[in-house]
Amino acid sequence: AQKITQTQPGMFVQEKEAVTLDCTYDTSDQSYGLFWYKQPSSGEMIFLIYQGSYDEQNATEGRYSLNFQKARKSANLVISASQLGDSAMYFCAMRDYPLIYNQGGKLIFGQGTELSVKP
Amino acid sequence: EPEVTQTPSHQVTQMGQEVILRCVPISNHLYFYWYRQILGQKVEFLVSFYNNEISEKSEIFDDQFSVERPDGSNFTLKIRSTKLEDSAMYFCASREGAQETQYFGPGTRLLVL
């Protein structure tokens, strides 16, 4: 069964510095997708970045980049130039590609990493 | 920018009561989902819905739960007889057919007393 592991329950980073949030995954599927979501204290889930298992380039979205190492089964999120507004819970998730097309592909989430940005 | 909306934002109910959580997915999306997050825990998949039927459900989604798309815009989750352990944040999400990303609504925080 697919599994996502985030080993850092909490992280601190100084404002304007870069930070890496770790994520490892376990799957026997060849085709899968990896996501990062941000959950601020207000509770909503905000999509940050996506990486497909066949994508050769690491995904980037503004200050967010995904360090995808397929052989190691890791998909770490890198946030450059941290801002105070980046303080939040961050979840790594994996979408399984369904064998049956209309199965929809649920997301499997990790436990999350709480990031605190210090001024 | 289109977004998923959910109502109500908060709901308090007595154990044994029925609740209906409502969602309006993004208009051109084809796949719909419900997830829940018990306080302090990770987000868990409940059910996915496509072409007016359930396409997948988790072991959490037992006979007390049901989903419906009563019209072209709303997507609802009903809990028939709430239990204390149903207290959680419930998220609706939707996905366009051709794209991978699921977009989440702001959630409904359900408290069962």
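Scoring rules and cut-offs
- Residues numbered from 1 in each chain as written.
- Chains lettered and ligands numbered in written order.
- Predicted model: local features only at pLDDT ≥ 70, side-chain atom pairs only at ≥ 80, totals over all residues.
- Heavy atoms only, no water.
- Helix = DSSP H or I, 4+ residues; strand = E, 2+ residues; numbered from the N terminus.
- Buried < 20%, exposed > 50% of the residue type's maximum accessible area, 1.4 Å probe, protein only.
- Contact = heavy atoms within 4.5 Å.
- Buried area = accessible area lost by both parts, 1.4 Å probe.
- Salt bridge = Lys/Arg side-chain N within 4 Å of Asp/Glu carboxyl O.
- Polar contact = N/O pair within 3.5 Å; in protein donor to acceptor, adjacent residues only side chain to side chain.
- Nonpolar A, V, L, I, M, F, W, Y, C, P; charged D, E, K, R; others polar.
- Disulfide = S-S within 2.5 Å.
- Pairing = 2+ DSSP bridges.
- Axes fitted to C-alpha atoms, helices over the stretch in contact; angles between N-to-C directions.
- Core = buried A, V, L, I, M, F, W, Y, C linked by side-chain atoms within 4.5 Å.

**Topic: unusual backbone geometry**
Along the chain, B:Thr7 connects to B:Pro8 via a cis peptide bond; the corresponding omega equals -10°. Within the secondary structure, B:Pro8 is located in the loop between β1 (5–7) and β2 (10–13). A positive phi angle, close to 80°, is found at A:Lys16, a residue other than glycine. With respect to the element layout, A:Lys16 can be found in the loop between β2 (10–14) and β3 (19–21). With a phi angle near 45°, A:Ala81 is a residue other than glycine that sits in the positive phi range. For A:Ala81, a relative accessible area of 38% translates into the label partly exposed.

**Some words on the interface of chain B and chain A**
With 25 residues of chain B at the contact, the number on the chain A side is 22 residues. For the pairing of chain B and chain A, the buried interface totals around 2,000 Å² over both sides, and the portion due to carbon and sulfur atoms is 52%. At the surface where chain B touches chain A, the tally comes to two salt bridges. Measuring nitrogen to oxygen at the nearest pair gives 2.6 Å for the salt bridge that ties B:Glu100 to A:Arg95. For the pair chain B and chain A, the interface holds six residue pairs in polar contact (both at pLDDT 80 or more). At the level of elements, β4 (31–37), β5 (43–50), β6 (53–57), β9 (88–95) and β10 (103–104) of chain B are the ones that each hand at least two residues to the side of chain B that touches chain A. Taken together, the residues that form the side of chain B that touches chain A break down as eleven nonpolar, eight polar and six charged.

**Concerning the state of the cysteines**
Residues and elements named next belong to chain A. Throughout the structure, instances matching the rule amount to two disulfides over all chains. What pairs with Cys23 in a disulfide is Cys92, and their sulfur atoms sit 2.0 Å apart. With the S-S bond torsion at -65°, the cross-link from Cys23 to Cys92 turns out left-handed. Separated by 69 residues along the polypeptide, Cys23 in the loop between β3 and β4 (24–26) and Cys92 in strand β10 (residues 88–96) bring together distant segments of the chain.

**Quick look at the sheet that holds β1(B)**
Residue and element names in this part refer to chain B. Read from one edge to the other, the open sheet built from four strands follows the order β1-β3-β8-β7, with strand pairing classed as antiparallel. The open sheet has two edge strands, β1 and β7 (65–68), and neither has a second partner. Averaged over neighbouring strand pairs, the angle between their axes works out to 20° when direction is ignored. The sheet contact formed by β1 and strand β3 (residues 19–24) spans three bridges and is antiparallel.

**As for the nonpolar core**
Formed by 25 residues in total, the largest nonpolar core has its most connected members in A:Trp36, A:Leu77, A:Tyr90 and A:Leu115. Elements with a contribution of two residues or more to this core: β2, β3, β5 (32–39), β6 (46–52), β8 (64–69), β9 (74–79), β10 and β12 (113–118) of chain A. Per-element accounting of this core gives the leading share, four residues, to β10(A). Beyond its immediate chain neighbours, meaning those up to four positions away, A:Tyr90 contacts A:Gln6, A:Leu21, A:Trp36, A:Tyr37, A:Lys38, A:Leu48, A:Leu77, A:Ile79, A:Gly112, A:Thr113 and A:Leu115. Formed by 22 residues, the second largest nonpolar core is a distinct cluster that contains B:Val4, B:Trp34, B:Ala88 and B:Leu110.

**Looking at the pairing of β4(B)**
Residues and elements named next belong to chain B. Counting buried positions along β4 yields seven of seven residues, so the element is predominantly enclosed. The two faces of β4 match: Tyr31, Tyr33, Tyr35 and Gln37 on one face and Phe32, Trp34 and Arg36 on the other face are all buried. Bridge count for β4 against β5 is seven bridges, and the pairing is antiparallel. Paired with Arg36 across the two strands is Glu44, which belongs to β5. In sequence, β4 turns back onto β5 through a hairpin of five residues, with Gly40 there showing a positive phi of about 80°.

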